[in-house]
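# Fold and contact review
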Amino acid sequence: MRTYRCVCGNRLHFGNTRCLACRRSLGFVPEWRLLTPLEDDTGRLHALALPDQPEVRRCANHQSAHCDWLVAGASSDRLCLACRLTQTIPDLSVGNNRLYWRRLESAKRYLICDLVRLGLPVVDRHRDPERGLTFDFLADQETPDGVRRITTGHDRGRITINIAEADDVHRERVRITLGEAYRTLLGHMRHESGHYYWMRLVDGGPWLAAFRERFGDERRRYADAMRAYYDHGPAADWRARHISAYASAHPWEDWAESWAHYLHITDAMETARDFGLVAPGEREDDFTPELERWGELSQALNALSRSVGVADPYPFVITPPVAEKLHLVHQIVEDAASGSLGSPSNNRFSPSLQASRSATK
Ligand SMILES: [Zn+2]
Ligand SMILES: [Zn+2]
Ligand SMILES: [Zn+2]
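Definitions and limits used
- Residues numbered from 1 in each chain as written.
- Chains lettered and ligands numbered in written order.
- Predicted model: local features only at pLDDT ≥ 70, side-chain atom pairs only at ≥ 80, totals over all residues.
- Heavy atoms only, no water.
- Donors = N, O, S within 2.8 Å, 3.2 Å for Na, K, Ca; no water.
- Tetrahedral: all angles 85-135°; square planar, octahedral: opposite > 155°, others 65-115°.
- Helix = DSSP H or I, 4+ residues; strand = E, 2+ residues; numbered from the N terminus.
- Buried < 20%, exposed > 50% of the residue type's maximum accessible area, 1.4 Å probe, protein only.
- Phe/Tyr/Trp six-rings, centres within 6.5 Å; stacked < 30°, edge-to-face > 60°.
- Lys NZ or Arg CZ within 6 Å of the ring centre and 35° of its normal.
- UniProt positions renumbered as here; feature names shortened; annotations may be inferred.
- Pairing = 2+ DSSP bridges.
- Axes fitted to C-alpha atoms, helices over the stretch in contact; angles between N-to-C directions.
- Domains from an automatic or database assignment.
- Contact = heavy atoms within 4.5 Å.
- Buried area = accessible area lost by both parts, 1.4 Å probe.
- Salt bridge = Lys/Arg side-chain N within 4 Å of Asp/Glu carboxyl O.
- Polar contact = N/O pair within 3.5 Å; in protein donor to acceptor, adjacent residues only side chain to side chain.

### Regarding the coordination of the zinc ion (ligand 1)
Those donors, Cys-6 (SG), Cys-8 (SG), Cys-19 (SG) and Cys-22 (SG), are the protein atoms that reach the zinc ion (ligand 1), and they lie 2.3 Å from it. Around the zinc ion (ligand 1), the four donor atoms sit at angles spanning 104 to 115°, and that spread fits a shape best called tetrahedral. Read in sequence order, the donor residues for the zinc ion (ligand 1) give the motif C-x1-C-x10-C-x2-C. Linking Cys-8 in the loop between β1 (4-5) and β2 (11-12) with Cys-19 in the loop between β2 and β3 (26-29), this pair joins segments that are 11 residues apart in sequence. For Cys-8, a relative accessible area of 40% corresponds to the partly exposed category.

Structural data, given as structure tokens:
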């Protein structure tokens, strides 16, 4: 994630709500992927980092969900690009649900920022009622017949996250119980978005044959594969071919895990470049040199973390077969960003903020 500069010269980080040097309040313009200082002109906000400093409004979730994203002053949208995608939020009168919702929206904003950075189309349910992207944040429910468990997952554009994942103690307990090396909210968002973009960019399209060659045949029965995985665990040699144990469960999971790692890596490399840790670079057709740079950098990242007594943030090994999968993800993303997969990017070079239709819930 790149950093930004305030009008006073101070460095600003994604998620900052106020410049710590000059105390100006800040807002994020998702269509431009720009964190901007704001000027309050008798109640009207102006984005100082944008050309002509247009009028903007706070997302309607500014207070309730601490959303710091902006909408165009002239737009009829109440909610920002990220908040518009949420269909169901938890009952905010219950326990820590408001805190969990804020954490989920924060992770989702980070994901949407990834998608905008890569030039991927973010199509909401209004533009595509059948397969547009939407999120349900749901809690397990007590019913007369017992507890109705919510499974985190994806179904034709609908991403469901069990809000218990936003409870650090719960999530860490699950991580240890399942023997996972890594479990985070952003990781969930990135993984589930992988299932979504598989449906949009691979299923039934020109990349399907290449997908099957690298990841295997997804027509293998999913329910059987998952049962086998949870009953018997991963194949003993999963490390040679997959980025994680879970990725070995089924080609769809392999893809979603690889996709999530592609987002981890490309985001981390952008951060590293922003801080001058890696030489500046252009987007390349071949992802292999970038993976080599990431190999060096992630080793340093892990070593630095050990120096301050923290567990490895990137406890993964990218073997040659995994690198080939990541390269295929890269090719498909580049293809989609160029608009040649039929759904042109709607947000990468958006020339104006005057986009959009009516607000969603
Ligand atoms: Zn400042
Ligand atoms: Zn918002
Ligand atoms: Zn999955």
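### A few points about the coordination of the zinc ion (ligand 2)
The protein atoms that coordinate the zinc ion (ligand 2) are Cys-59 (SG), Cys-67 (SG), Cys-80 (SG) and Cys-83 (SG), at distances of 2.3 Å. Note that the zinc ion (ligand 2) binds four donor atoms; their angles at the metal cover 105 to 114°, and the shape is tetrahedral. Mapping the donors of the zinc ion (ligand 2) onto the primary sequence yields the spacing C-x7-C-x12-C-x2-C. You can call Cys-80 buried: its relative accessible area is 0%. Residue classification places Cys-83 among the buried residues on the basis of a relative accessible area of 2%.

### Digging into the packing of aromatic side chains
Following the criterion strictly, the structure yields 21 aromatic pairs and no others. Judged by centre distance (5.6 Å) and plane angle (65°), the ring pair of Phe-215 and Trp-255 falls under edge-to-face. You can see Phe-215 sitting in helix α4 (residues 208-215) and its partner Trp-255 sitting in helix α7 (residues 251-274), a full 40 residues away along the chain. Residues Tyr-229 and Tyr-230 carry aromatic rings whose centres are separated by 5.2 Å and whose planes lie at 75° to one another, so their mutual orientation is edge-to-face. These aromatic residues form a ring-pair network of at least three members: Tyr-196, Tyr-197, Trp-198, Phe-211, Phe-215, Tyr-222, Trp-252, Trp-255 and Trp-259. The aromatic ring of Phe-275 is capped on one face by Arg-11, whose charged end is 4.3 Å from the ring centroid. Stacked on the ring of Phe-135, the Lys or Arg Lys-108 has its end atom at 5.3 Å from the ring centre.

### Notes on the UniProt feature "domain: Zinc-ribbon" (unreviewed entry) in the protein chain
The sites that carry the UniProt feature "domain: Zinc-ribbon" (unreviewed entry) are, in the present numbering, residues 4-93. Split by type, residues 4-93 is 0% helix and 33% strand. Its first and last C-alpha atoms lie 36 Å apart.

### Details of the sheet that holds strand β12 (residues 153-155)
One open sheet accounts for four strands, arranged β8-β9-β13-β12; its pairing is mixed. Because the sheet does not close on itself, it has two edges, and the strands there are β8 (86-88) and β12. Here the average twist between neighbouring strands, direction ignored, is 30°. Across five bridges, strand β9 (residues 134-138) lies against strand β13 (residues 158-162) in parallel orientation. In the strand pairing of β13, Thr-134 is matched with Arg-158.

### Quick word on the domain arrangement of the protein chain
Structurally, the protein chain comprises domain 1 (4-77) and domain 2 (84-337). The centre of domain 1, based on its C-alpha atoms, is set 28 Å off from the matching centre of domain 2. Taken together, the 15 residues of domain 1 in the interface contact 14 residues of domain 2. Between domain 1 and domain 2, a total of about 1,300 Å² is buried, with carbon and sulfur atoms accounting for 57% of that surface. At the surface where domain 1 touches domain 2, the tally comes to four salt bridges. Between Arg-33 and Glu-270 there is a salt bridge whose closest N-O contact spans 2.5 Å. Seen at the junction of domain 1 and domain 2, the total is seven residue pairs in polar contact (both at pLDDT 80 or more).

### Brief notes about unusual backbone geometry
Its identity as a non-glycine residue notwithstanding, Thr-42 has a phi of 40°, on the positive side. Inspection of the secondary structure puts Thr-42 in the loop between β4 (34-41) and β5 (44-47). For Thr-42, a relative accessible area of 76% puts it in the exposed group. You will see that Gln-53, though not glycine, has its phi angle at about 45°, which is positive. Examined against the element boundaries, Gln-53 turns out to sit in the loop between β5 and β6 (55-58). Gln-53 sits in the partly exposed class, given a relative accessible area of 38%.

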